[in-house]
Amino acid sequence: MKQFPSMEDIVSLCKRRGFIFPGSEIYGGLAGTYDYGHLGVLLKENIKRVWWDMFVDEREDMYRVDASLIMPAKVWEASGHTETFSDPLVTDAKTKERYRLDHVLEDAGIDPAGMSLDEMWQALVATGLKTPKGNDYAEPVTFNLLFPVTMGASATSASLAYLRGETAQGMFVNFKNVVDAYHPKLPFGLAQVGKAFRNEIAPREFVFRLRELEQMEVEYFIRPDDWTRAFDEWLSVMRSFAVALGLPSTHLVEKEIGDADRAHYSKRTIDFEFTFPTGTKELWGLAYRTDYDLSRHSEYSSVSLAYLDEEAKEKIVPHVIEPSLGVERTLLAVLTSAYREDDMGGEKRVYLALPKAIAPYKAAVFPLLKNKPELVSKAREVFAMIKKEIPQIIFDDNGNIGKRYRRQDEIGTPYCITIDFDTLGENPEHIDTVTVRDRDSGTQSRVAIAALTSYLR
Ligand code: ATP
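Colleague: Looking at this model, I keep getting lost on the state of the cysteines. Mind explaining?
Modeller: By definition, a disulfide is the covalent link that joins the sulfur atoms of two cysteine residues. A complete count under the given rule lists zero disulfides for this structure. Left unpaired, Cys 14 is separated from the closest cysteine sulfur, that of Cys 416, by 19 Å.

Printed below as a string of structure tokens:
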């Protein structure tokens, strides 16, 4: 049995079964963008649903936010992004093709952690490496990842805005609104799921590095002396989320990020790294952002973001713990973990062993034969009955049973329910029962129609 696929296996399954397509494909594609088909949307929705449950709805101290994607330049000056949200860019001196200098070094077996731009350049020069086109590299520059947007009719600097580089800032700028509206007691958190945009130098590895991405983020506001407890609490929520998504512990490492490599705002960061088909890389991050963001926004907006701590009878600027998770990297980790190839009935099959909570469909219902009206009408009846209780099911009468099993296996449907002649009473012992086939083992059991929904639950 093959477990853990190559990137080609995943890309090909996603295209074949309609999960993910290259963005604007009929126009040759747009690098760093992907579009989602019906099944990709369902899988993403289910992942986000589990996130909302575990990070927000199972708690009592969380508030949702949905902020604008376009935010004025001032926000990004305050957050430090216009100054430091950049990557080292190196170009081919002849063709002008662009590469990320730290990635070029990593690919050459050199760890760029903690190196300045100049140190990275010296390290590259010392290797004598040429570009993939066989030319010299030109001297590097730092390249800012924010996407500028010009608002309105005049192109003055006053109208300069940016597509948000992270969802986090949408929560910090609404801190005061939330406090004034709901009067939450510390500690409390804001949660948001939404798009972010990064003008990545070299988007690559399918949906791992995108220019348009989606994040699931929490900003958790605390008293400063509470940070280690709150940090550990969110660490444990993230670990549980990984388990709920079926990510194997063999493929996950928690990496403590050293002083030189932490973001400018962070006092402690742990990255959850996952072994993707292309290597072990950042999946999610957990950061202690101190009072950096609220203090900076107070300063730049001239609006006080201090919080009146009624217990201590003093005004404080809360500190922040931030679990930050990318939807697409999570999706890629889920697909990597669930992908299987085995032999069933003497034939190779591919299936997705997705946890039931995130499988796009919970079950598929088939009539054994498409051209027998009595089977089809019974199957329709069973389908309608289940759908009332469990809406995420599909009716499938296309092709023979073997083909339908293949199709449902590849999209990760946990159960296939077949209505056959026994259901109709050909074998009186089995009247009003159906066969239920289990995706992972392929075993079939006879289940009474009346007991089906509770069986699926
Ligand atoms: P990297 O070092 O890989 O560029 P990062 O440290 O810049 O990532 P963060 O700013 O911590 O990433 O963003 C939080 C999360 O958002 C990441 O852990 C990841 O899941 C996701 N993410 C960040 N950049 C991208 C991207 N370009 N494409 C897809 N997901 C991303």
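Colleague: Whenever I open this one, the environment of Phe 4 confuses me. Can you help?
Modeller: Along the polypeptide, Phe 4 turns up in the loop between strand S1 (2-3) and helix H1 (7-16). The class of Phe 4 is partly exposed, set by a relative accessible area of 26%. Note: C-alpha distance between Phe 4 and Pro 277 (273 residues apart in sequence) is 7.5 Å. With residues up to four places along the chain from it excluded, the contact list for Phe 4 reads Pro 248, His 251, Thr 336, Ser 337 and Tyr 339.

Colleague: Explain the packing of helix H2 (residues 38-57) against helix H9 (residues 227-244) to me, please; I cannot follow it from the model alone.
Modeller: The description of two packed helices rests on the angle between their axes and on the distance between the axes. Taken N-terminus to C-terminus, the directions of H2 and H9 make an angle of 145 degrees; their axes are 10 Å apart at the nearest point. The hand of the H2/H9 crossing is right-handed. Here H2 contributes Ile 47, Val 50, Trp 51, Met 54 and Phe 55 to the contact with H9, which in turn contributes Trp 234, Val 237, Met 238, Ser 240, Phe 241 and Ala 244. Per-class residue counts for the contact of H2 with H9 are ten nonpolar, one polar and no charged.

Colleague: How should the site of the ligand be read in this particular structure?
Modeller: The full set close to the ligand counts 14 residues, and Glu 200, Arg 209, Leu 210, Glu 282 and Leu 283 are the nearest of them. Within the backbone of Leu 283, one N or O atom sits 2.6 Å away from an oxygen atom of the ligand. Look at the ligand: alone it shows 590 Å² of surface, and the protein chains cover 82% of it. Of all elements in the fold, only strand S12 (212-222), strand S15 (279-290) and strand S18 (319-326) reach the threshold of two or more residues within the shell around the ligand. Broken down by element, the shell around the ligand gets its largest block of residues, four residues, from S15. Across the shell around the ligand, the residue classes tally to five nonpolar, four polar and five charged.

What counts, and where the lines are drawn
Residues numbered from 1 in each chain as written. Predicted model: local features only at pLDDT ≥ 70, side-chain atom pairs only at ≥ 80, totals over all residues. Heavy atoms only, no water. Disulfide = S-S within 2.5 Å. Helix = DSSP H or I, 4+ residues; strand = E, 2+ residues; numbered from the N terminus. Buried < 20%, exposed > 50% of the residue type's maximum accessible area, 1.4 Å probe, protein only. Contact = heavy atoms within 4.5 Å. Axes fitted to C-alpha atoms, helices over the stretch in contact; angles between N-to-C directions. Left-handed = near helix turned anticlockwise from the far one by under 90°. Nonpolar A, V, L, I, M, F, W, Y, C, P; charged D, E, K, R; others polar. Near = heavy atom within 4 Å. Polar contact = N/O pair within 3.5 Å; in protein donor to acceptor, adjacent residues only side chain to side chain. Areas by Shrake-Rupley, 256 points an atom, 1.4 Å probe, with all protein chains shown as cover.

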